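Architecture and fold: a report
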Amino acid sequence: MPELPEVETIRRHLAPHVEGRVLERLEVLDPRWCEPLAPAEVAAAVEGRRVEALARRGKYLIWELEDDVHLMLHLRMTGTLLLDPPEPPRFRRVRFGFDGGHELYFDDPRRFGTGELALGGDARDEFLAARLGVEPLSPDFTSAHMYALTRTSRAPIKAFLLDQRKIAGVGNIYADEALFRAGIHPLRPAQRLTRKQVAALREGVVASLEGGLAAKGASIDDFRHPDGVQGSFQERFLIHLREGEPCLVCERPVRKLRAAGRGTYVCERCQPRPRRIQAAARRSASRPDRSAAASS
Ligand SMILES: [Zn+2]
């Protein structure tokens, strides 16, 4: 799924091509994209309006149109935006037509991406505030702020990082990379982190996101730039997707485990397991032995 660096890469690529242009036509080919609104309703609200700015908040790409009309796109699992492709992409769900004959397609094989309309800045801010916490590359993302957020969460820190209402834009890749950089096990409860650990994790989040941005995103799954080119951050992963390979710090093989329902990569020497979770793992590992003994 595209995360903050991937969405920001798309924004930076598209902005110079679309800002100042008139969105002449919005053709919604799959009505599920803008549910519960009807495609005609969304089209009527945006068509003929100039694009004042292309913005981003968390993983949302926000089209700020004339007269305070906002269209908010979420790419979800497999969504991509393609500008003036040689032919219409196979899984197109939406077509944007701009003045000057430019076309932008939203291509989305799994069809989870969404488009939401907000009439007025207040409606936009209300929509985003209900879904998104602090923007991690903004000055508001301080270690004191993050420490306060962790105090009320018993969730494992990996789940905490994925919660968009706490920190906006971090997903599975960047959470793994940040935890490895900070030397923190993904199953450690958020509220048990020390101030020092939270500070290291904040640094890890920022460094991972900035690394992703510098590489123009990670192209695993379907992520492409609007010109069809792929990002290269997947070649620079420190831990994510490196199961069985030696840890870059201590050479112990990288393990894959499940945290927050997601495949999670960890070096359990550099990111030691919390003691209570170690004990629980030992207990569950001993269970099959006991049942085998009982049945024999
Ligand atoms: Zn290691």
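What to know about the side chain of Q164
Here Q164 is to be found in the loop between α5 (157–162) and α6 (172–182). Dropping the residues within four chain positions of it, Q164 is found in contact with K59, R131, L132, G133, G169 and V170.

A look at the environment of R111
For R111, the location among the structural elements is in the loop between β7 (103–107) and β8 (114–119). For the pair R111 and D30, spaced 81 residues apart in the sequence, the C-alpha separation amounts to 8.7 Å. Separated by 2.9 Å, the side chains of R111 and D30 make a polar contact.

Describing the coordination of the zinc ion
When a metal carries six donors in an octahedron, the ideal angles between them are 90 or 180 degrees, while four donors in a tetrahedron ideally lie at 109.5 degrees. Listed as protein donors to the zinc ion are C247 (SG), C250 (SG), C267 (SG) and C270 (SG); their distances from the metal cover 2.3 to 2.4 Å. Linear spacing of the donor residues for the zinc ion on their chain is C-x2-C-x16-C-x2-C. Taken as a pair, C250 in the loop between α7 (195–214) and β9 (255–259) and C267 in the loop between β10 (262–266) and α8 (275–295) lie far apart in primary sequence, 17 residues in all. Judged by relative accessible area, C250 falls into the partly exposed class, the value being 21%. C267 sits in the buried class, given a relative accessible area of 0%.

With respect to the packing of helix α1 (residues 4–18) against α7
Relative orientation of the contacting elements α1 and α7 amounts to 40°, with a least axis distance of 8 Å. In terms of orientation, α1 lies oblique with respect to α7. At the point where α1 passes α7, the crossing takes the right-handed sense. Contacts from L4, P5, E8, T9 and R12 of α1 reach α7 at L209, G212 and L213. Of the residues contributing to the contact of α1 with α7, the split by class is four nonpolar, two polar and two charged.

Quick notes on the rules
Sequence order as written defines the numbering, with residues in each chain counted from 1. A pLDDT threshold of at least 70 governs which residues receive local features in this predicted model, and a stricter bar of 80 or more applies before side-chain atom pairs are shown or counted, although totals over entire chains, interfaces and linings include all residues. Side-chain numbers come from the whole structure's heavy atoms, not from hydrogens or water. Here a strand is any run of E in DSSP of at least two residues, a helix any run of H or I of at least four, and the numbering for each starts at the N terminus. Only heavy atoms enter the contact rule, under which two residues are in contact if any of them lie within 4.5 Å. Throughout this description, a polar contact denotes any pair of N or O atoms lying within 3.5 Å of each other; where both atoms belong to protein, one of them has to be capable of donating a hydrogen while the other can accept it, and for residues adjacent in sequence the pair is counted only when both atoms sit in side chains. Only N, O and S atoms count as donors, using a 2.8 Å limit from the metal and a wider 3.2 Å limit for Na, K and Ca, and since water is excluded some coordination spheres may look unfilled. Any residue under 20% of the maximum accessible area for its type is buried, any over 50% is exposed, and the rest in between are partly exposed; the area is computed with a 1.4 Å probe on protein chains only. Here an angle of 0 to 180 degrees is reported between the N-to-C directions of two axes, which are lines fitted to C-alpha atoms, with helices fitted over the stretch in contact. Note on terminology: angles under 35 degrees are roughly parallel, angles over 145 are roughly antiparallel, angles of 65 to 115 are roughly perpendicular, and the others are oblique. A crossing counts as left-handed when the near helix is turned anticlockwise from the far one by less than a right angle, and as right-handed when that turn is clockwise. Residue polarity is assigned by list, with Asp, Glu, Lys and Arg as charged and Ala, Val, Leu, Ile, Met, Phe, Trp, Tyr, Cys and Pro as nonpolar; anything else, Gly included, falls into the polar class.

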